[in-house]
Amino acid sequence: MRETRADTTQAVFYAIGLHVLLFALAFMGLWWTRSSAPASAGGAAIEAELVDPNALSAQVRRALADRPEPVQPPQPPEEEAAPELQPLPEPLPEESPVQQQQQAQEPVPEPDAQEQELVERDALSAETREREQEEKLRQEQIDLTERERQEEAEKKQRLAAEQLEDVRVLRTIERRKAQLAEEKLKQLADRRARSASEEAAMADAMASAPPGDAGASAELQGRYIAAISEAIRRNWTRPENMQLGRRCQLKILQLPGGEVVDVTVSPSCPYDDLGKRSVEAAVRKAEPLPYAGFEEVFNRTLILNFDPQDR
């Protein structure tokens, strides 16, 4: 069983109270002995000292045992008999003298003030330390609970952030897929428009070509369109936000010799304003457009699908 400082303090107080009680009993016994002593008879007081026979030495006890009988004094002549003395009445038990103690009772030691103060201080210090230890344990428990609560909250926040990031990634992927699908649709539409324009241009060239020379004129028309497109690409400066693979239809008005009169970008062109201006500038910089050797297929109004490519 663990003894606490409170138990030690209580034991000290009990010991002090017991000593005080014994001292009070001893004092009351002495006071009662003095107050109950009977009054002495007239005459000088007879003093006597009580001696314990067992306390005497063996030689003294032998001397007392061998002493002679006392000599009887001579009897005086018989005279008138004196009245017999009446024996003194035996004292009642409550009036009988109390035999004094042969040895004084040892005084009850009083506790030293410094020692008592030291004991009390130690008891208070122990109690204070125990209270501080309990308070420390309680605070540690509170801190542990608070840390667990914070860790749980942080874990929930991390999970929520991860889920939100997953949602963002999925949305980005879906948005990218939608953009790719839109670009594919535009490319397909541009390819169809370019095919239609090339077919129309070839039909015009074939219609204006002399009879019997349709195959050669169609081949020459294709090489003419390719030469003009290549000249425009060489003079084109690609904007930073420009995406490749997206075609833009142009309408070019020219004079014989390749001088450009006007350039019009089709409303269906998927480029922004900066992209459209860059294509128009490229046509102007490519002036004069290819003409020599293509006189047979020259046309003042030229429909061309510009296909941007990296050089």
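Residues numbered from 1 in each chain as written. Predicted model: local features only at pLDDT ≥ 70, side-chain atom pairs only at ≥ 80, totals over all residues. Heavy atoms only, no water.

**Observations regarding the pairing of strand 2 (residues 260-265)**
Right, so step 1: Taken together, the five bridges between strand 1 (residues 248-254) and strand 2 define a ladder with antiparallel strand orientation. Paired with leucine 253 across the bridge in strand 2 is aspartate 262.
Right, so step 2: Linking strand 1 to strand 2, which pair antiparallel, is a turn of five residues; within it glycine 257 sits at a positive phi near 105°. (Pairing = 2+ DSSP bridges. Helix = DSSP H or I, 4+ residues; strand = E, 2+ residues; numbered from the N terminus.)

**Here we look at helix 5 (residues 273-285)**
Right, so step 1: If you check helix 5, its first and last C-alpha atoms are 18 Å apart, about what 13 residues at 1.5 Å a residue would give, namely 18 Å.
Right, so step 2: Gly275, Ser278, Val279, Ala282 and Val283 are the residues of helix 5 that are buried. Taken around the axis of helix 5, the buried residues stretch over an arc of 140°, which confines them to a single face. (Expected span 1.5 Å × (residues − 1). Buried < 20%, exposed > 50% of the residue type's maximum accessible area, 1.4 Å probe, protein only. Arc of directions from axis to C-beta.)

**Points about the state of the cysteines**
Right, so step 1: The final tally for this structure, using the stated rule, is one disulfide.
Right, so step 2: The side chain of cysteine 248 participates in a disulfide bridge whose partner is cysteine 269; the two sulfur atoms lie 2.1 Å from each other. Of note, the bridge from cysteine 248 to cysteine 269 carries an S-S torsion of about -125° and is left-handed in sense. Taken together, the residues span a long stretch of sequence, with cysteine 248 in strand 1 and cysteine 269 in the loop between strand 2 and helix 5 at a distance of 21 residues. There is no split in this pair, since cysteine 248 and cysteine 269 are both buried. (Disulfide = S-S within 2.5 Å.)

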